[in-house]
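Residue strings, one per chain:
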Amino acid sequence: MAGVEQKYDMTRWKTLPIWTGGPAASWEFDGLQAETLVPVHPRDMQDYYGLASMYRRELFARAVCLQGEKYQEVISKQDELKFHFYYTGIAPEDGSDVPREWLCMVIYEKMHLPGILRGLRQIGVDLEDADEDRIEPDAEELAFQMMMRATDAWITFNDPWMKSVAEDLEGELQMGQVHRYQSELGLASTTSSSAQR
């Protein structure tokens, strides 16, 4: 069985001798009249959810450092409170590979913020005084791109690369800036001073 791909010119449908999409009036919008072009709402297209998922929502984030298994409690509240969650472990100073602290971001649309603050406060996570950062639409992080386009899911994203706390002894770090440095092992790393512990 072979698949055949058809190309349709939907700009000329009004002038075709046969049209099976129903009366033209059902495809018109108030105040919009066009002889050859038809204004169609995305909901009338077959892949509405696919198209809608390409729209980038304006999202904001608040960072918090959580101890132990607290991040799992926060994850359990995502559907109820309507937020995305990004987290990564902070490398333990004792050299073990099991983090006990987690650097986390709660990512949300503004309209959901009051409920998120109230709901997370009930489980002991207070984001009230945390700085709010806008997620840039052209952010390179795949997780943020997924979150901006998600239509029917609240994404939980774990960055598996643990982060190390770096002290700024020379006073060179600036809030909101990304700084690259060379570790003693010769590995290039990235750190940002925008999140407070």
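Here the structure is a predicted model, which is why all the values come from computation and not from measurement.

Q: Residues and numbers for the overall build of the protein chain, please.
A: For the protein chain, the helix and strand inventory stands at five helices and seven strands. Written out in order from the N terminus, the α and β elements of the protein chain read α-β-α-α-β-β-α-β-α-β-β-β. Out of the 197 residues in the protein chain, the part that is buried amounts to 29%. Restricting the contact set of the protein chain to residue pairs at least 6 apart, pairs at least 24 apart contribute 59%. Here the protein chain displays about 14200 Å² of accessible surface, and carbon together with sulfur accounts for 52% of that area.

Q: So what's going on with the pairing of strand E2 (residues 84-90)? Which residues, and what values?
A: With seven of seven residues buried, E2 is to be regarded as a mostly interior element. Note that E2 and strand E3 (residues 101-108) share seven bridges and pair antiparallel. Following the sheet pairing, Thr88 is matched in E3 by Leu103.

Q: How would you sum up the packing of aromatic side chains? Please name residues and give values.
A: The final tally for this structure, using the stated rule, is six aromatic pairs. One aromatic cluster is present, built from ring pairs that chain together Tyr71, Phe85, Tyr87 and Trp102. If you follow Lys110 out to its NZ or CZ, it ends over the ring of Phe60, 4.6 Å from the centre.

Q: Outline unusual backbone geometry, supporting the account with residue identities and numerical values.
A: Phi angles above zero are rare outside glycine, and Lys82 is one such case at about 70 degrees. Positionally, Lys82 belongs in the loop between helix H3 (78-81) and E2.

Q: Describe the pairing of E3, and please don't skip the residues or the numbers.
A: By the criterion of burial, E3 is predominantly enclosed, with six of the eight residues buried. Here strand E1 (residues 60-67) runs beside E3; their pairing, made up of eight bridges, is antiparallel. When the bridges of E3 are listed, Phe60 appears paired with Tyr108.

Q: Any chance you could break down the pattern of salt bridges for me, citing the residues and the numbers?
A: Opposite charge on two side chains permits them to pair, given that their charged atoms come into close proximity. As enumerated under the stated definition, the model contains nine salt bridges in all. Close ionic contact of Asp94 with Arg100 constitutes a salt bridge, the shortest N to O distance being 3.0 Å. Assessed through its relative accessible area of 53%, Asp94 is described here as exposed. Classification of Arg100 as partly exposed rests on a relative accessible area of 46%. For Lys110, the salt bridge goes to Glu132, with nearest N and O atoms at 2.6 Å. Of the two residues, Lys110 sits in the loop between E3 and helix H4 (113-121) while Glu132 sits in strand E4 (residues 132-134), which places them 22 residues apart along the sequence. On the basis of relative accessible area, Lys110 is assigned to the partly exposed category, the value being 43%. Since its relative accessible area comes to 30%, Glu132 is described here as partly exposed. The network of salt bridges with shared partners includes Glu58, Arg134 and Glu136.

Parameters at a glance
Chains are numbered independently. Their residues run from 1 in the order of the written sequence. Local features in a predicted model are, by the rule used here, given only for residues with pLDDT of at least 70; side-chain atom pairs are given and counted only at 80 or more, and totals for whole chains, interfaces and linings are based on all residues. Heavy atoms throughout the structure, all of them, feed into the side-chain values; hydrogens and water do not. Numbering of helices and strands runs from the N terminus, with a helix taken as a DSSP run of H or I at least four residues long and a strand as a DSSP run of E at least two residues long. The cut-offs for exposure are 20% and 50% of the maximum accessible area for each residue type, with area from a 1.4 Å probe on protein chains only; residues under the lower value are buried, those over the upper are exposed, and the others partly exposed. Residue contacts follow a heavy-atom distance rule, with two residues in contact if any of their heavy atoms lie within 4.5 Å. Accessible areas in this description were obtained via Shrake-Rupley with a 1.4 Å probe; residue shielding takes into account the shown protein chains only. A strand pair is defined by DSSP finding two or more bridges across the two strands. For Phe, Tyr and Trp, rings pair up if their centres lie within 6.5 Å, where Trp contributes its six-membered ring, and each pair is then called stacked (planes under 30 degrees apart), edge-to-face (over 60) or tilted (otherwise). Each ring is checked for a lysine NZ or an arginine CZ that lies within 6 Å of its centre and within 35 degrees of its normal; such an atom marks a charge sitting over the ring. The working definition used for a salt bridge is a side-chain nitrogen of Lys or Arg within 4 Å of a carboxyl oxygen of Asp or Glu.

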